[in-house]
Amino acid sequence: MVTGASRGAGKGIALALGETGATVYVTGRTRREGDAPLPGTVFATAEEIDRRGGTGVPVVCDHADDAQVAALFDRVGATHGRLDVLVNNACTIPDRLAAKGPFWERPLGLQAMFDVGLRSSYAASHHAAPLLTRDPDAGGLIAFTSSFGGGCYMHGPAYGAVKAGVDKMAHDMAVDLRPFGVAVVSVWMGLLRTERTERALAAAPERYGALSTESPEFTGRVIAALARHPDRMSWSGQTVVGAELGKALGVTDVDGRAPASHRPLLGGPMTYNDAIVD
């Protein structure tokens, strides 16, 4: 399952997973083209998964609504009896997220990311865990999509808090899920060539020109490789740079390139203490 997959990173990840022949549930709020300012719908993503050899299952779901989320996972459980991979990607992206200026001069509404972005990822994982742990020998994976904003100033404190939050969530969930053979990682994606980013690059090329880009499908390829890796548990609990994990797993982007890590420019993930306090 990939949440928030009408477009952007979620769509790219879902397509890459679909190319492995998987059945991929894709969630989002966009039913029809034109309902959102950017192109894409959950149905279009599912149809493209079908064309690439997988099975796309579109589910219109508002991840701010706990009842809809619970029903989503009930449906997966009733239909398949298990879940192999959950990608927590759904996140509200406020219009003025990248606006310049201190946080108090920007809309208070930026905190919407705390609901759909941070809290929603916890809720989805809560419902997914029983499905991921039904067969301890089958393994499983929860992946959070995150960014270098978890370790440096990026788009202000609201965005940074969400990304740092999902990173820590991955670390702590890994402790609970390790006995069941389920790995949990948070993936720092690079600058993705999404519909939204393409607009931003065109509007202000001088602001982002120093960073190399990745396709939205690259992260999906990395997640797919990690999910089937026999030693995937060695990465569990970690926040990983997608480009670096891709190199370790031998994964390239859709154009055959190995994306460069932004660590030299933006820094690396935080290392957490191994202590466990029950």
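Residues numbered from 1 in each chain as written. Predicted model: local features only at pLDDT ≥ 70, side-chain atom pairs only at ≥ 80, totals over all residues. Heavy atoms only, no water.

*Asks:* Before we move on, can you summarise the overall build of the protein with the specific residues and values?
*Replies:* Within the protein one finds 10 helices and 8 strands. Computed over the C-alpha atoms, the radius of gyration of the protein is 18 Å, within 12% of the 19 Å expected from 2.2 N^0.38 for a compact globule of 278 residues. With respect to the three principal axes, the spread of C-alpha positions in the protein is 50 × 45 × 40 Å. For the protein, the proportion of its 278 residues judged to be buried stands at 50%. Long-range pairs, those at least 24 residues apart, make up 69% of the contacts in the protein with a sequence separation of at least 6. (Helix = DSSP H or I, 4+ residues; strand = E, 2+ residues; numbered from the N terminus. Rg over C-alpha atoms; globule rule 2.2 N^0.38 Å. Buried < 20%, exposed > 50% of the residue type's maximum accessible area, 1.4 Å probe, protein only. Contact = heavy atoms within 4.5 Å.)

*Asks:* An account of the packing of aromatic side chains is needed here, citing residue identities and associated values.
*Replies:* The description of two aromatic rings rests on the distance between their centres and on the angle between their planes. One pass over the structure, following the stated rule, counts 2 aromatic pairs. With 5.0 Å between their ring centres and 55° between their planes, Phe148 and Trp188 make a pair best called tilted. Residue Phe148 is found in the loop between strand 4 (140-147) and helix 5 (157-177), and its partner Trp188 is found in strand 5 (residues 182-189); the two are separated by 40 residues along the sequence. Stacked on the ring of Tyr272, the Lys or Arg Lys168 has its end atom at 5.8 Å from the ring centre. (Phe/Tyr/Trp six-rings, centres within 6.5 Å; stacked < 30°, edge-to-face > 60°. Lys NZ or Arg CZ within 6 Å of the ring centre and 35° of its normal.)

*Asks:* Summarise the environment of Val69; cite the residues concerned and give the values.
*Replies:* For Val69, the position within the fold is in helix 3 (residues 66-80). Here the alpha-carbon distance between Val69 and Gly246, two residues 177 residues apart in the chain, equals 31 Å.

*Asks:* Can you tell me about the pattern of salt bridges, naming the residues and giving the values?
*Replies:* Tallied over the entire structure, the rule returns 11 salt bridges. The shortest N-O distance in the salt bridge between Asp66 and Arg119 comes to 2.6 Å. A residue pair is termed long-range when its members are at least 10 positions apart, and Asp66 in helix 3 and Arg119 in helix 4 (residues 112-132) qualify at 53 residues. Relative accessible area serves as the criterion here: at 35%, Asp66 is assigned to the partly exposed category. You can call Arg119 partly exposed: its relative accessible area is 38%. For Asp115, the salt bridge identified is with Arg119, shortest N-O distance 3.8 Å. (Salt bridge = Lys/Arg side-chain N within 4 Å of Asp/Glu carboxyl O.)

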